[in-house]
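Commentary on secondary and tertiary structure
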Amino acid sequence: MACVAFNLGFGSTSTSPFKTNSSNNPLFFNSTSFVSFSATARPQKFNFFGLIGTPSFGFLTSRSSPSPFKSFSKNSEPAHFINGAQEDEEEGLIVLVIGGGGREHAICYALQRSPSCDAVFCAPGNAGISNSGNATCISDLDISNSSAVISFCQMWGVGLVVVGPEAPLVAGLANDLVKAGIPTFGPSSEAAALEGSKDFMKRLCFKYGIPTAKYKTFTDSSAAKQYIKEQGAPIVIKADGLAAGKGVVVAMTMEEAYDAVDSMMVQGVFGSAGACVIVEEYLEGEEASFFALVDGETALPLESAQDHKRVGDGDTGPNTGGMGAYSPAPILTEELKSLVMRSIILPTVKGMSAEGCKFIGVLYAGLMIEKKTGLPKLIEYNVRFGDPECQVLMVRLESDLAQVLLAACRGELSKVSLEWSPGSAMVVVMASRGYPGSYEKGSVIRNLEEAELVASSVKIFHAGTSYDSHGNFIADGGRVLGVTAKGTNIEEARDRAYHAIETIDWPEGFFRRDIGWRALAQKQLASKQ
């Protein structure tokens, strides 16, 4: 559905993330315009630059300046809201996405395409999300302040909040939003402990018979090293708490294992997250990502995906947050997906319910398909969409994402089925040189619009960009861009993604050149048999 053009009084027309709800001509607001809504029976007025009687919220309007206003016909009535939800279900849904990375950009992209979704906000968002028109970015809404988020939702009639990153979930943002009567897709802080504490996850696995690597938990570095000495290398060292995807060391030697313990527990490189460590059995095999939507009782699997954690070609170098992904993943056959649901996902959902902390949101299981048995074991859980797997899943999803996520919030996933585009999708991450170590910010990125034109199926998701004083996109993070493409098969998706990358002018960036190599190798092997 096409977006509406709004004149914001800045001398240019921009794309609004709000869709029209009338065939009549939309109203055009300038920078001093107000629009009235009815909120809990008391009319409220809203200003583009802030809300009357409330703290001002900044709208990120650089370059494209998307308007935060819903488009109404001249004769339309004000919308009515009760407890942050729209009273008239025929009205389009207004959604707030929490976060500002590539995952959140992909979620906004899918929501903006949802027929039932009338508007998308993203807080804090980033320059690329704002420029794309996929959402209106609220740059200074403090997402760590539940009261501020609740106030924003109530004032703007937000009918669904989607929490992207793990930190706000672990901190209890979903708890506070649900208590305020705002439908929220994301687990409570108690349920988010599946990611917030690896020790919690491991204890749950052993209690409910979920296959995972054997382990021990330590709060003393000397005891951890003694256990490592007894077990030998290779071995895996994990920080117990959140470490932005970097708190895992696969140590191939004893020295590497000891160094990992010292860096986490003695030097404190991950702060309090590394005060407790998990020393885990090394599993040999192929990793895969498995996603399931959960409503507390029912789990609905998503399409398969596989990412690349190591920074270098051939899966070499340190772990990262993810350097690329593709969907579907040939390693996850239908038989294997069914086994994962039976042996890992459903026991987890039932176990969490039995523990008194029902899980509502997306369960992201990092799996190891063991080489010696061919069976899946759980490496770890994340309680949100993976990044960059989310990018390939969202470009392939053909269902109305807003309605699917609302069904999860309402405990109605048993009524939902998902539709996916055929073929394959691939995302290649472009990162700042030096990542995952130290890197410089501020380098200029050019030709992004041209790159998206190399094929109709190319979409560039922004993970870490901002603007310089001249209006150029600049790198503002480690992982900066997710260059994504669809194709009739994985070869075509790969060729389109890398063709788009060749068009981008960013000398200070780098990327892996072998994304999808496992799937391609497996396909070539199958063709020879």
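Per an unreviewed UniProt entry, the chain carries the name phosphoribosylamine--glycine ligase and comes from Stephania yunnanensis. Turning to the chain, the UniProt annotation filed under Pathway (unreviewed entry) states: "Purine metabolism; IMP biosynthesis via de novo pathway; N(1)-(5-phospho-D-ribosyl)glycinamide from 5-phospho-alpha-D-ribose 1-diphosphate: step 2/2." Recorded in UniProt under Sequence similarities (unreviewed entry), the annotation for the chain is "Belongs to the GARS family."

For the structure shown, the criterion picks out 20 salt bridges. With a closest N to O distance of 3.7 Å, Lys-371 and Glu-284 form a salt bridge. In this pair, Lys-371 is assigned in the loop between β24 (360–370) and β25 (376–382) and Glu-284 in the loop between β17 (277–281) and β18 (285–295), connecting sequence segments 87 residues apart. Given a relative accessible area of 64%, Lys-371 falls into the exposed group. For Glu-284, a relative accessible area of 45% translates into the label partly exposed. One salt bridge in this structure joins Asp-315 and Arg-512, with 2.9 Å as the shortest N-O distance. Pair noted here: Asp-315 is in the loop between β21 (310–312) and β22 (316–319) and Arg-512 is in the loop between β32 (509–510) and α15 (517–528), with a separation of 197 residues, a long-range link. A residue is classified by how much of its surface remains accessible, and Asp-315, at 22% relative accessible area, is partly exposed. Of the residues examined, Arg-512 reaches a relative accessible area of 1% and is grouped as buried. Connected via shared salt-bridge partners are Asp-315, Arg-512, Asp-514 and Arg-518.

Ordered by their spatial adjacency, four strands build an open sheet running β19-β18-β24-β25, and the pairing between neighbours is antiparallel. Edge strands, defined here as strands with exactly one partner in the open sheet, are β19 (299–301) and β25. Taken over all neighbouring pairs, the strand axes of this sheet differ in orientation by 35 degrees on average, direction set aside. Examined bridge by bridge, β18 and β19 share three bridges and lie antiparallel to one another.

For the rest of this paragraph, the subject is the nonpolar core. Counting 86 residues, the largest nonpolar core has Leu-96, Leu-194, Ile-345 and Ile-504 as its most contacted members. If we skip the residues at most four places from it in the chain, Leu-96 touches Phe-121, Cys-122, Ala-123, Val-149, Phe-152, Cys-153, Val-158, Leu-160, Val-161 and Val-162. Of all hydrophobic cores here, the second largest spans 47 residues; its members include Ala-106, Val-162, Ala-325 and Met-394.

For the bond running from Ala-123 to Pro-124, omega is 0 degrees, close enough to zero to count as cis. Looking along the chain, the bond that leaves Ser-327 and enters Pro-328 is cis, with omega of 0 degrees. Although it is not a glycine, Asp-315 sits at a positive phi angle of roughly 55 degrees. Phi angles above zero are rare outside glycine, and Asn-447 is one such case at about 70 degrees. Its location among the elements puts Asn-447 in the loop between β27 (444–445) and α13 (448–452).

Any two packed helices are characterised by the angle at which their axes cross and by the distance between the axes. Look at helix α8 (residues 221–231) against helix α9 (residues 254–266): their axes get within 10 Å of each other, and the N-to-C directions meet at 160 degrees. Between α8 and α9, the crossing angle belongs to the class labelled roughly antiparallel. In the packing of α8 onto α9, the handedness of the crossing is right-handed. In contact with Ser-221, Ala-224, Lys-225, Ile-228 and Lys-229 of α8, α9 contributes Met-254, Ala-257, Tyr-258, Val-261, Asp-262, Met-265 and Val-266. When its residues are assigned to classes, the contact of α8 with α9 shows eight nonpolar, one polar and three charged.

This part is about the pairing of β22. In this sheet, β22 lies alongside β21 in antiparallel orientation, the contact comprising two bridges. Bridge pairing in β22 links Gly-312 to Thr-316. The loop that links β21 with its antiparallel partner β22 comprises three residues; one of these, Gly-314, has a positive phi angle of about 75 degrees.

All right, on to the sheet that holds strand β29 (residues 465–467) then. Read across the sheet, three strands follow the order β27-β30-β29 without closing on themselves; strand pairing throughout is antiparallel. Two strands close off the open sheet at either side, each with one partner strand: β27 and β29. As paired strands, β29 and strand β30 (residues 473–475) are joined by three bridges and run antiparallel to one another. Residue pairing for β30: Thr-465 is matched across the bridge by Ala-475.

What follows is about the confidence of the model for the chain. Of the residues in the chain, 81% have a pLDDT of 70 or more, and the chain-wide mean is 85. With pLDDT under 50 throughout, residues 1–17 is counted as low confidence; its partners more than four residues away or in other chains account for 64 contacts. Note on residues 61–90: pLDDT under 50 across the span, and 107 contacts to partners over four residues away in sequence or across chains.

Glancing now at helix α3 (residues 146–156). With eight of its 11 residues buried, α3 lies for the most part within the structure. Taken as a whole, α3 has its buried residues at Ser-146, Ala-148, Val-149, Ile-150, Phe-152, Cys-153, Met-155 and Trp-156. Near the N-terminus of α3, the side chain that reaches the backbone nitrogen of Ser-147, with its oxygen 3.0 Å away, is that of Asn-145. Once α3 finishes, Gly-157 follows within two positions and takes phi at roughly 65 degrees, a positive value.

Across the interface, helix α1 (residues 102–112) lies against helix α11 (residues 389–396) with an axial gap of 8 Å and an inter-helix angle of 10 degrees. Classed by the angle they form, the pair α1 and α11 counts as roughly parallel. Counting all contacts with α1, which are made through Gly-102, Arg-103, Ala-106, Ile-107, Tyr-109 and Ala-110, the residues of α11 involved are Cys-390, Gln-391, Met-394 and Val-395. Residues of the contact of α1 with α11, tallied by class, amount to seven nonpolar, two polar and one charged.

Thresholds applied
- Residues numbered from 1 in each chain as written.
- Predicted model: local features only at pLDDT ≥ 70, side-chain atom pairs only at ≥ 80, totals over all residues.
- Heavy atoms only, no water.
- UniProt positions renumbered as here; feature names shortened; annotations may be inferred.
- Salt bridge = Lys/Arg side-chain N within 4 Å of Asp/Glu carboxyl O.
- Helix = DSSP H or I, 4+ residues; strand = E, 2+ residues; numbered from the N terminus.
- Buried < 20%, exposed > 50% of the residue type's maximum accessible area, 1.4 Å probe, protein only.
- Pairing = 2+ DSSP bridges.
- Axes fitted to C-alpha atoms, helices over the stretch in contact; angles between N-to-C directions.
- Core = buried A, V, L, I, M, F, W, Y, C linked by side-chain atoms within 4.5 Å.
- Contact = heavy atoms within 4.5 Å.
- Parallel < 35°, antiparallel > 145°, perpendicular 65-115°, else oblique.
- Left-handed = near helix turned anticlockwise from the far one by under 90°.
- Nonpolar A, V, L, I, M, F, W, Y, C, P; charged D, E, K, R; others polar.
- pLDDT = per-residue confidence, 0-100.
- Polar contact = N/O pair within 3.5 Å; in protein donor to acceptor, adjacent residues only side chain to side chain.

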